[in-house]
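Examination of the molecular architecture
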2 protein chains.
Amino acid sequence: MSKPSLARGTRDFGPEQMAKRTFIFDTIRRSFQRYGFLPLETPAFENLSVLMGKYGDEGDQLLFKLLNSGDFSGKLTEEDWKEGYKPLTTKISEKGLRYDLTVPFARYVVMNRGTLAMPFKRYQIQPVWRADRPQKGRYREFYQCDADVVGTDSLLCEAEIVTLLHDILPSLGITDFTVKINNRKILTGIADMVGAHGMEGPLCVAIDKLDKIGKDKVVEELLERGFSSESVVKLDPVFDLANEKEPFAELKNWLGDSEIAMKGIQELEEVWDMVKVLGLENPKIQFDVTLARGLSYYTGAIFEVKANNVQIGSISGGGRYDNLTGTFGVPGISGVGISLGVDRIYDVMEELNLFPESRKTSTKVMISNFDVDAFRFGLAILPKLREAGINAEIYPDSVKLKKQLDYADRKSIPFVILIGSDEMQSGLLTLKNMHTGEQQKLDVDGIISLIAAEL
Amino acid sequence: MSKPSLARGTRDFGPEQMAKRTFIFDTIRRSFQRYGFLPLETPAFENLSVLMGKYGDEGDQLLFKLLNSGDFSGKLTEEDWKEGYKPLTTKISEKGLRYDLTVPFARYVVMNRGTLAMPFKRYQIQPVWRADRPQKGRYREFYQCDADVVGTDSLLCEAEIVTLLHDILPSLGITDFTVKINNRKILTGIADMVGAHGMEGPLCVAIDKLDKIGKDKVVEELLERGFSSESVVKLDPVFDLANEKEPFAELKNWLGDSEIAMKGIQELEEVWDMVKVLGLENPKIQFDVTLARGLSYYTGAIFEVKANNVQIGSISGGGRYDNLTGTFGVPGISGVGISLGVDRIYDVMEELNLFPESRKTSTKVMISNFDVDAFRFGLAILPKLREAGINAEIYPDSVKLKKQLDYADRKSIPFVILIGSDEMQSGLLTLKNMHTGEQQKLDVDGIISLIAAEL
C-alpha cells in the first residue's frame, strides 16, 4: 500500500484556505452582480474540436486530454501507433479539460445566440486546467473569475471594467494598485508608421517584454523578428513615452498621420473621460504603450492590473476582442472582458495581511460533553442555538474536558458551553470565552444574545 | 467550420439555472455550517493510484482518465499496443477525474491526519465525473454535496444526519420526504440467522432491489447467488417487515440470538431516541430492513432519502463506514456521512414548483440611453445606485427605446429609469415598473429607497 499523494501541480484547500478563498470569490461575485453581470457555468470538459487551435500550438500541447472510454485502442492499426503521439492523440482522445473561460463562453454564445438578450453580460467563476510545468505560484488547476460583455461596441464597457476593478480590489483591501491600459489600434498605427505594416503581432510580442528584459533585448528581438534597423530606430518614441506627462498629446503629434492610431487614442481618451463621469475622481489608471499581453486576439483596449509594492505578476488582465465567435463560424460579435486571477490575489492578500480575522464559516459555540445526562441536556439546547442562526455543535464523545477544549481551540471556536449537575438544576449554563478564558453563567436566551452580538 | 457542441452528457448552466442552483447550494451550505461542518475542496483530478480499485471493476471502467502529457507513446513497444486497452491504459495515463467526494476526502484525511482536529467534520460541494452512458437525469458531470464526520463512533453523528436533512429539505421547500434508515449489522445478523454466514454482501445486493423487481425476482437472484432454498425460506420475515407496526420489536423476537443484529437494532433505537431529544417531534424517518444501497462499504447505519409523490429516485444517501482510510494503509478511522444529489433535488423542486420567484442575482434597475447627454447624466447616477447595494446597469448604446425595454424585459429587470431633457432639468427621473407598466417621477434618493424596499 503506497502513501497517497496529490497529483503534481494540484492542491487541497482545507477549511482555513477555503474561508479565505470564499471571501475573495464572494467579494468578486457581489461586484460582478452589482454591475449587472449574470452567472454562467460551462462543463469541465469540452469536445477537442471546440478547444484545439484556439490557444496556439503551445496551448494545444498544454490541454489536458481525456482518454476515450471503453476499448479505445481496439480499432487502431500498427500504422496508427507508429505515427507519433500527436496524430495518435486525435484517435484515442476526443475531449479535453477547460483551458480558460473565454472559449467555452464563445461556444455558449454561438449555441444560444438566438435566445440571449444582447448585449449579454456574463460572469463565470470556475477552475481551469493546464498541463504546464508546475512551479512556485503556477498550478495545473487554478480558478479564473471572468466578466465579459458581448454584443456592443460601446466604450462604456471599457470604462466599467476600470470602475469594476476600483470596486473589487479595495473591497478586498487592495488599495495600492495600477490599472494599465493600452489600445491595440495604437500598436497597429505604430507598426504602420515605422514602415512595418501588418507586423503589430511580432511588435506586440517583443515590446510586451520591455518590463522584463529591457530596451536593448527588445531591439535585438525586433531585428530577429524581421524589423529593419530603420524601423527599429523609428520606434524610439515608444520607449520614451513612459516618462511623458502628456502621453496622449505626444502620441498625437507622432502618429497624427495614422488614422487607426488616432482612433485608438480617441477611444482611450473617451474611456478616461467616462471613468470620471462614473464618479472615479482619482482613477488608478495608467496608459502604457508597451502593454500588449501575450494573447493576440485583442483588437481594442488592453488591460492589465498590478498590485504595487508586491513581487507578484499581474492579478488581472483583459481587453476587447472584435471576433470572439469567429472561430465558430459566427462573425461580428464584439466583446470586452476582464479576468481576475484568484491565486495571485490570494498571495497578494497574504503578503499584505489583508484577510479579515473573523472566519464566518466556522462553529461559533461548542457544547461540552461530561456524561450521559449532561449530553442529553445539551442535545436539547443545540437546536435552539442553530435556529437562532448560530453555527453550533456538541462534542460527540464523553472524553476528558481538556481534550474537548483542545478540539474547540484547534477549530478556533470562540465559545464553549459547560454543562454539569449545577447547570442542569439551575438552567444557568457556564459560557466560556475561549479567547479570554472568562466564564459566566447565563440561560440559553442570554447565551444566544451574547453570541449573536459578537457575529 | 463545424457547429460547436457540448460534450455528451454535459450541460451549460445559464443565468436562470444558475440562480436556481445557487439557491440550492447556498441553502445546503448554510445548514452544513450551522452544524459545524468545515469546507474542503480537493483537485478535479487525482493520481490513478488513489482512485483505482475503490469503486469496484465497473467504477474503474467509469473513471475518466487523462492522457499523459507530452510524448506518451514514444517509449511503448509493439507488445504494449497488442495487450489490449486495459493494461495499455496504465501505461499512457496516470491521472483520473474525481469520481466521488469520499475517496478524495479519505486521501485528504490520511495526508493531514497529524494536523486535523478530530473528530473532523467537513463538507464538500464539488462536481464529479463518470463515463456513464448519458440518459434522462443521468449526466457525466454532476455535483455532489457531502457532509462527513470522521474520528468518532458516537451515534450522535447518525442522529444529526437525520436532523440535518430535516433542516435542509424544508428550507428548500421539500416538506414531504422520507428518510429511510437501516443498519448493516442487522443485515449481517440476518445472514447468520438464515445459515448464510458472511453472505450479507450478496444478500444486500439482492434485497436492495426489492422495491424495483419484487419479491419473486429477489428470491430468484438469491438462489442464483448461492443461497440455499432453506435459507431463502427463512428470509420470509424480511419481506413482511415493511408492514409491521413495531418492526424493532418484531426483529428482536426473530434475531434475539444474534449478538450483532441486536447491536444494530440497539443502535437504531438510540438514534431514534436522540433525534427526539434533538427536538424533532415528528421525524420523517422510516426503518427499512431492505435498504442496503449499492456501495458495500457501509458498516453501520445506512440512509436514503426519497421525496414523496415525485417520480424521481433517492435525493440523498449515506451511512457509516468503519474503514474509510483503510485502503490507504491507515486503519481504525470511522466515519459517517451523507451525500445530497443537487440534480435530482433540482428536478424535484422544478416538478413541485418550489423555486422562489425573485432572482437575487440579476439586475434590479436599468438606466435607459436616449442620447449622448442623457447617457452622461445616467452615468453619474449609476455609481450611486450601486453604492446603495442595488444591482444596476445602463444600456450601452443609444438605440430605440423599444429595443432597450425589450432587453430589460428579457433579463427580467424589474425597474427602468427613463431620462429625457425634462428629467435632466428637474432632477426628477421617470421610474418605470416593468411588471405593472406604471411610471412615476422621483429623485435619485427616492428611487433608491423604493427599489431597496422591494429587495
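Residues numbered from 1 in each chain as written. Chains lettered and ligands numbered in written order. Predicted model: local features only at pLDDT ≥ 70, side-chain atom pairs only at ≥ 80, totals over all residues. Heavy atoms only, no water.

Considerations on the interface of chain A and chain B
- At the interface, 98 residues of chain A touch 98 residues of chain B.
- Across the chain A/chain B interface, buried area totals approximately 8700 Å², and carbon plus sulfur atoms make up 63% of it.
- Here chain A is connected to chain B by 8 salt bridges.
- Between B:Lys121 and A:Glu393 there is a salt bridge; the shortest N-O distance is 3.9 Å.
- The tally of links from chain A across to chain B stands at 33 residue pairs in polar contact (both at pLDDT 80 or more). (Contact = heavy atoms within 4.5 Å. Buried area = accessible area lost by both parts, 1.4 Å probe. Salt bridge = Lys/Arg side-chain N within 4 Å of Asp/Glu carboxyl O. Polar contact = N/O pair within 3.5 Å; in protein donor to acceptor, adjacent residues only side chain to side chain.)

Description of the relation of the copies chain A and chain B
- Its rotation angle being 180 degrees, the transformation that places chain A on chain B also includes 0.0 Å of axial translation and leaves an RMSD of 0.0 Å. In symmetry terms, the pair is related by a two-fold rotation axis. Using C-alpha coordinates, one finds that chain A approaches the rotation axis most closely at A:Leu66, a distance of 2.2 Å.
- A shared binding surface is used by both copies, with 100% of the interface residues of chain A retained as interface residues in chain B. (Least-squares fit on C-alpha atoms with pLDDT ≥ 70 in both.)

A word on the state of the cysteines
Residue and element names in this part refer to chain A.
- One pass over the full model with this rule turns up 0 disulfides over all chains.
- Cys145 takes part in no disulfide bond, and the closest cysteine sulfur, belonging to Cys157, lies 20 Å away.
- Look at Cys145 and you get buried, because its relative accessible area is 0%. (Disulfide = S-S within 2.5 Å. Buried < 20%, exposed > 50% of the residue type's maximum accessible area, 1.4 Å probe, protein only.)

Comments concerning the sheet that holds strand β14 (residues 415-418) of chain A
Residue and element names in this part refer to chain A.
- Taken together, 5 strands build an open sheet; the order of strands is β13-β12-β14-β15-β16 and the sheet is mixed. A strand with exactly one partner marks an edge of an open sheet, and here the two such strands are β13 (392-394) and β16 (439-442). For this sheet, the mean inter-axis angle between neighbouring strands, taken without regard to orientation, is 25 degrees.
- Relative to β16, strand β15 (residues 429-433) runs antiparallel, the two being bridged by 4 bridges. Opposite Leu429, over in β16, you have Leu442 as the bridge partner.
- Relative to β13, helix α16 (residues 372-387) is tilted by about 170 degrees, and along the sheet it contacts β12 (365-367), β13, β14 and β15. (Pairing = 2+ DSSP bridges. Helix = DSSP H or I, 4+ residues; strand = E, 2+ residues; numbered from the N terminus. Axes fitted to C-alpha atoms, helices over the stretch in contact; angles between N-to-C directions.)

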